[in-house]
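# Breakdown of the fold
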Amino acid sequence: RFSERLQALARETVFHKSSFEAWVDDVHAYLAKRLRRLVVERARLPVHLRAVKDYFLLARGDLFQAFIDNTRGLLSLAPSDTAEHDVNEPFRRAALLSY
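Residues numbered from 1 in each chain as written. Predicted model: local features only at pLDDT ≥ 70, side-chain atom pairs only at ≥ 80, totals over all residues. Heavy atoms only, no water.

In this section: the packing of helix α1 (residues 2–11) against helix α2 (residues 17–42). Contact geometry for α1 and α2: axes closest at 11 Å, N-to-C directions at 170 degrees. On the basis of their axis angle, the class for α1 and α2 is roughly antiparallel. When you trace α1 past α2, the crossing you get is left-handed. Contact residues: F2, R5, L6 and L9 in α1; S19, F20, A22, W23, D26, V27 and Y30 in α2. Partitioned by chemical class, the residues of the contact of α1 with α2 number 8 nonpolar, 1 polar and 2 charged. (Axes fitted to C-alpha atoms, helices over the stretch in contact; angles between N-to-C directions. Helix = DSSP H or I, 4+ residues; strand = E, 2+ residues; numbered from the N terminus. Parallel < 35°, antiparallel > 145°, perpendicular 65-115°, else oblique. Left-handed = near helix turned anticlockwise from the far one by under 90°. Contact = heavy atoms within 4.5 Å. Nonpolar A, V, L, I, M, F, W, Y, C, P; charged D, E, K, R; others polar.)

Dropping the structure here:
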């Protein structure tokens, strides 16, 4: 459909900017509708964005609570050279358990 219109525009002896712009606008509108349907509806973008928001803004207290529970003994120890790794692993486990 779009390729036929573009070929018709290419066959014209004089370039009509307004005709080409109308074609570009039609392609843009078609692709925007299709992309919205694919990303928002089929891939459920709002659900994923809500999960990211909950995760990063700690909207769900269970993630933070699970992290505290998993690191209770670890956080009472003196810092070590592996402290970053030691804390990251319980956080990863808490994130997996909370979702």
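In this section: the packing of aromatic side chains. Counted according to the given criterion, the structure contains 4 aromatic pairs. Between F2 and Y30, the ring centres sit 5.3 Å apart and the planes meet at 55 degrees, which makes this aromatic pair tilted. In this pair, F2 is assigned in helix α1 and Y30 in helix α2, connecting sequence segments 28 residues apart. Judged by its relative accessible area of 15%, F2 is buried. The class for Y30 is partly exposed, based on a relative accessible area of 34%. Taking 5.9 Å as the distance between ring centres and 50 degrees as the angle between the ring planes, the aromatic pair formed by F15 and F20 counts as tilted. (Phe/Tyr/Trp six-rings, centres within 6.5 Å; stacked < 30°, edge-to-face > 60°. Buried < 20%, exposed > 50% of the residue type's maximum accessible area, 1.4 Å probe, protein only.)

Here the focus is helix α4 (residues 61–75). Along α4, the sharpest change in direction is near 35 degrees and occurs at D69. When we look at burial in α4, the residues that qualify are L63, A66, F67 and T71. (Bend = angle between axes of the 7 residues up to and from the residue.)

Note that every value here comes from positions in space, so none of it alone points to a role or purpose.
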